[in-house]
Each structure stands twice: as structure tokens, then as C-alpha cells.
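Below are the chains, spelled out letter by letter.
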Amino acid sequence: MLRHGSLFSGIGGFDLAAEWAGWENVFHCEWNPFGQRVLKHYWPNAESFNDITKSDFSKYEHTVDIITGGFPCQPFSSAGERRGTDDTRYLWPAMLDVIAAVKPKYVVGENVYGLVNWNNGMVFDTVCADLEAKGYEVQAFLLPAASVNAPHKRNRIWFVAYAKGHGLSNALENKELEGRRPRQRNKPPTWHAFPSTPLICRGSDGISRELDDIAVSKWREESVKGYGNAIVPQVALQIFNAINEYEKLTTNV
């Protein structure tokens, strides 16, 4: 069982995918009260951090295998003002600091497609170069929600990094892994019979209906925001599956 920590955790999209993959959720970090409540309810044994810029993660050095995070996308989203690195919500450097402190074997980051062309690709290149400078090999993938049969496109850039010499790139590209999936603790929901033009709701965003039922009636507005900001966990699960398969291969060698 791999040990997982999430940053910018929201309502737990990465944490949910990690649970499906059979991993242990060790910690999460989220400043929003609604997100905190959801995370603490469903993963009460995980340590809960609030402000990533003021939290100390060093005690997890070499004890957490993978760190994930959808670092805030508003600075680069076509739906926003696109202030880029001048936006106070540009928190990639904070995520990099946590990675440097914890030194996980794997890192998975997610952001909007607009990050690719922001300032002629400067931020995209910076993320890759920063991870490489910390001792990781990096591959970036364009994986839309539609790639896992979600009824909407939702293009996203996924950064997959792994400690140099670990060789995950072979697992991600190895055709022999197709059709082989590790046993999952819970079955991810599907979009069977959903309309082709979805509303903003838990089903179309890939989130289990249980994940926010503790507060939908009370904080409906926050729920809608949570869905909009969340990753589609079924997409993350495909990456996690590749990691699981590679771990199996290396363990059996």
C-alpha cells in the first residue's frame, strides 16, 4: 500500500482516487472550511493542514510515497483574468517546497490547459524544470475528462514526476499494462445515461454522491464551487493504476 498526501485538496478528488487505488491517505491540505469538513469526515485518520505556506511537512520526509495537487488554476484559466504568476493564488512554489521537504517517490500535479500557453509556455516549462532540479523525471499529459467517458471535455494538464532512475515512464507507456488493473477498495462511479451536456453536479464531475452529502443542503453554493474546482478522480485513477502496476513489477523483480 502506497502512502499518499494531497495538497490543495478541495473536496478530496485526489484522495478519493487514492482510496480507489488502495492507498493510504496520510495527509491533506485545504484552507476552505467546506473542503476541510468533507476531508475530515471521510478521512479522519489523515492529518489535516490548512495554509500550505505556513505548514511544516518535514516530518513526512521519506515516509510518503506520492504527493498530489491541483495547484490553483485561476491564474491561468480562460474563465478568469489570467494574471498568471502575478496572481496571489499562484502557489506552485509552495507545492514545490512541500515536495522538497517530503521527498516523495512520485508527484502528480494537475492544472488547466491554459497553463501550457501562458507567457509562451514559461510557467509550463518552469514546473517541469523545477521538478527536474529537485531530482525528478517529468512527463506531462493532456488528459480530458472525456477520456474516461465523462460527458464533458474538461481538458487538463497532468504532470507526472518520479524519482530519477525509478523508470515509471516505461510503465506509463507499456502496452502490456492495458486491461490490467489493481483491485480497488470501492468501485468508481460511471456516467451511464448522463446527458451529453451536463449540469454542474456531483455525477458529471465524477465525484461520489456520498462525498459531499454531509452538507449539500446547508452549503449548496460551496458544493457547486467544490465540484467546479475538483479534479475528475477517474482520470487521476488511470495514472495511479500505472503507478500501482509499476510498483508490482519492481516488487516482483
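Here the structure is a predicted model, which means the values were calculated and not measured. (Residues numbered from 1 in each chain as written. Predicted model: local features only at pLDDT ≥ 70, side-chain atom pairs only at ≥ 80, totals over all residues. Heavy atoms only, no water.)

## Side note on the pattern of salt bridges
Heads up, the rule is: When a carboxyl oxygen of Asp or Glu lies within 4 Å of a side-chain nitrogen of Lys or Arg, that pair is called a salt bridge. Starting at the N terminus, helices and strands are each numbered in turn, a helix being any DSSP run of H or I of at least four residues and a strand any DSSP run of E of at least two. Exposure classes here rest on a 1.4 Å probe applied to the protein chains alone. A residue is buried below 20% of its type maximum, exposed above 50%, and partly exposed in between.
The full count for this structure, using the stated rule, is 5 salt bridges. E24 is paired through a salt bridge with R3; the nearest N and O atoms lie 3.3 Å apart. Of this pair, E24 sits in strand β2 (residues 24–29) while R3 sits in strand β1 (residues 3–7); the two residues are 21 residues apart in sequence, bridging distant segments of the chain. Its salt-bridge partner being E110, residue R156 comes within 3.3 Å of it at the nearest N-O pair. Of the two residues, R156 is situated in strand β7 (residues 156–163) and E110 in strand β5 (residues 106–112); the sequence distance between them amounts to 46 residues. You'll find R156 and E110 in the same group, each marked buried.

## A word on the sheet that holds strand β3 (residues 47–49)
Rules: Only strands joined by at least two bridges in the DSSP assignment are considered to pair. Note on geometry: axes are C-alpha line fits, over the in-contact stretch for helices, and angles between N-to-C directions span 0 to 180 degrees. Any pair of residues with heavy atoms lying within 4.5 Å of one another is described as a contacting pair.
What the 7 strands build is an open sheet, ordered β3-β2-β1-β4-β5-β7-β6; its pairing is mixed. Taken across any chain shown, the strands that pair with only one partner, and hence form the sheet edges, are β3 and β6 (136–142). Taking the axes of each pair of neighbouring strands and ignoring which way they run, one obtains an average angle of 15° across the sheet. Here β5 pairs with β7 via 7 bridges, running antiparallel. The residue bridging G109 from the neighbouring strand is F159, located in β7. Those strands touched by helix α3 (residues 92–102) are β1, β4 (66–69), β5 and β6, and its axis lies near 175° from that of β4.

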